[in-house]
Every structure is written in structure tokens, then in C-alpha cells.
Amino acid sequence: MVLGAESQERIGAPHPYWPRDLHIEGYQPNNQPMWKILAFLFSVSGALLVAVWILSGRIRVAGLGPIRRLALCWFAICGFIHGVIEGWFAMYYADLPADQSFLSQLWKEYSKGDSRYITADNFTVCMETITACAWGPMSVWTVVAFLQRHPQRFILQLIVSLGQLYGDVLYFYTEYREGFSHSEMWHPIYFWFYFIFMNTLWIVIPSALIIDAWGHLSQAQRAFDAGSGAPPKRVKKN
């Protein structure tokens, strides 16, 4: 039996996602090549890195050494990825299979490494919505706080990094419990690069930033406790 054009559009074209028998209603393959999608992602991230590096070098702020400036570049890139790219997913996850907007095609490409995105998996939608609404704006706030030497800067660094780490651990753990069934296991690009490498960054770097913030906040508390800023002892009233 030959399906009509309307029925074929409703069922969708054959897809590259796992498991292979996954039904994706209305799916339309990307018309943008992989290299162009990845070039967009890495060129914007690279431009942000260069811009924040130059800006942090021109603004003379005590304590902004090379490592701290790289951390600010990281938070700026996080602001873009969380707020724009993941924000797009949070708003349009239901339209991804058939949508041909550039950012939707970016998500359809990434879904080759994790098909939970193309099927609007409940955990993925909730996790990405929280990430876009919370960690996106707060990443930008963290950059501004460090450039202005705001006293809350290490608190912001700790909160954002802890949120990123927690979300990424859940992201990996839920997929582990499902047997890594949403990607072609051991594929050099889709599994190892998209799924493993790109997400491992949000475990390694936030972990280092959590340790860094922990050390600075502990040092500040010790100085406060040892100095005249310690709260006065209460005198019992008879």
C-alpha cells in the first residue's frame, strides 16, 4: 500500500535516532550539514571566550589572573548555551521533529547522541527548562559580579557550578539506568563526542569551580571569625 503525501508527513521521514524502532511523528531531516551546525556552536563560543578574555584584561580588577579570567570565559559561554540554545529547547521542544529553524536543527543533530531530546523526554524537558531559566542568567550575573568585585561573586560561582554538576550527574545517571539506549553505543561522534565529551565538561569544570569557591568562602569565614568582625558574644540577663 502506498501512503499519501499527507500520511507520510504525519508519520515522518526515516530517522537516524536510537532505538531504531523509535516512532517520531512528523520528523523531517535537517537540511543544514553537520559541519555548519557545529561551526555555529563553536564559533559563537569561541567569540565569547575571546571577548570576555579581552574585556577582563582591560578592566583592572584585583585577583583576575589568567585562571580566573578563563573561569569568566566559561561562565559567559555557559550563559549563551544555557540561555539561548537550551532556552530554545525549553520553549520549542514539542516542535523539534518537524521544525527547520537553525537552533531546532542543532538539537536534531545533537539528538543523534541522545534521542531523549527529539522525543521530548520528561526528565530532559524539566532539566533543560530549569537550566535555561536559572543557570543561564546566573552565569551572566557571575561574570558581572567578578568584574565588579561584588561580595557575592563566589557564592554565585558555587551555586551555578553546583546546579550544573547536579543536573549533569542526573543526566548521565538516568541514561545509565536506561542502558544507554538513546544513542549508538561507541559511535565516535554521536556517543563519545556529543554525549560523553561535551557533557563531561559540565562535570569536570564545575567540580573545579566548586572546590575553588569552597576555598575562598572558607578563607573569608575564617578571617571574619578571627577578626573584629566576629559577632559579639551574648550576655545572659539575670
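To be clear, the structure that these remarks concern was listed above.
Summary of the structure given here.

Rules used throughout
Residues numbered from 1 in each chain as written. Predicted model: local features only at pLDDT ≥ 70, side-chain atom pairs only at ≥ 80, totals over all residues. Heavy atoms only, no water. Helix = DSSP H or I, 4+ residues; strand = E, 2+ residues; numbered from the N terminus. Buried < 20%, exposed > 50% of the residue type's maximum accessible area, 1.4 Å probe, protein only. Contact = heavy atoms within 4.5 Å. Core = buried A, V, L, I, M, F, W, Y, C linked by side-chain atoms within 4.5 Å. Axes fitted to C-alpha atoms, helices over the stretch in contact; angles between N-to-C directions. Parallel < 35°, antiparallel > 145°, perpendicular 65-115°, else oblique. Nonpolar A, V, L, I, M, F, W, Y, C, P; charged D, E, K, R; others polar. Expected span 1.5 Å × (residues − 1). Salt bridge = Lys/Arg side-chain N within 4 Å of Asp/Glu carboxyl O. Patch = residues over 30% accessible without salt bridge, like charges linked within 9 Å, V, L, I, M, F, W, Y side chains within 5 Å. Areas by Shrake-Rupley, 256 points an atom, 1.4 Å probe, with all protein chains shown as cover.

1. Quick word on the environment of T124
Note that T124 resides in helix α5 (residues 122-147). Given a relative accessible area of 0%, T124 falls into the buried group. Sequence spacing of T124 and Y93 is 31 residues, and the spatial spacing of their C-alpha atoms is 9.8 Å. Ignoring anything within four residues of it in the chain, the contact list for T124 reads F89, R116 and Y117.

2. Observations regarding the nonpolar core
In this structure, I85, W107 and Y117 are the most contacted members of the largest nonpolar core, which totals 50 residues. Of all the elements in the fold, those that place two or more residues in this core are α2 (34-58), α3 (66-92), α4 (102-110), α5, α6 (153-177) and α7 (190-226). The dominant element in this core, judged by the number of residues it contributes, is α3, at 13 residues.

3. Focus on the packing of α3 against α4
Axis angle and axis distance: for two packed helices, these are the angle between their axes and the distance between the axes, and together they describe the pair. Contact geometry for α3 and α4: axes closest at 10 Å, N-to-C directions at 85°. The angle between the axes of α3 and α4 places the two elements in the roughly perpendicular class. Residues V84, I85, E86, W88 and F89 of α3 touch α4, and the partners they reach there are L103, S104, L106 and W107. Its residues assigned to classes, the contact of α3 with α4 comprises seven nonpolar, one polar and one charged.

4. Remarks on α7
Between its terminal C-alpha atoms α7 stretches 53 Å, which fits the 54 Å expected from 37 residues at 1.5 Å a residue. Of all the positions in α7, only Y190, F191, Y194, F195, M198, N199, W202, P206, L209, I210 and A213 are classed as buried. The inward-facing, buried residues of α7 abut α2, α3, α4 and α6.

5. What to know about the pattern of salt bridges
Per the stated rule, a full pass over the model turns up four salt bridges. Of the charged contacts in the structure, one is a salt bridge between E109 and K112, with a shortest N-O distance of 2.9 Å. The class of K112 is buried, set by a relative accessible area of 18%. One salt bridge connects E175 with R116, and the closest N-O pair in it is separated by 3.5 Å. Pair noted here: E175 is in helix α6 and R116 is in the loop between α4 and α5, with a separation of 59 residues, a long-range link. Judged by its relative accessible area of 2%, E175 falls in the buried class.

6. Some remarks on a nonpolar patch on the surface
Where nonpolar side chains cluster on the molecular surface, the patch consists of L49, V50, W53, I54, I67 and L70 and spans about 540 Å² of accessible area. Where the nonpolar patch is concerned, the elements lending two or more residues are α2 and α3. The dominant element in the nonpolar patch, judged by the number of residues it contributes, is α2, at four residues. Mapped onto the elements of the fold, V50 is located in helix α2. Taking relative accessible area as the criterion, V50 reaches 45% and is therefore assigned partly exposed.

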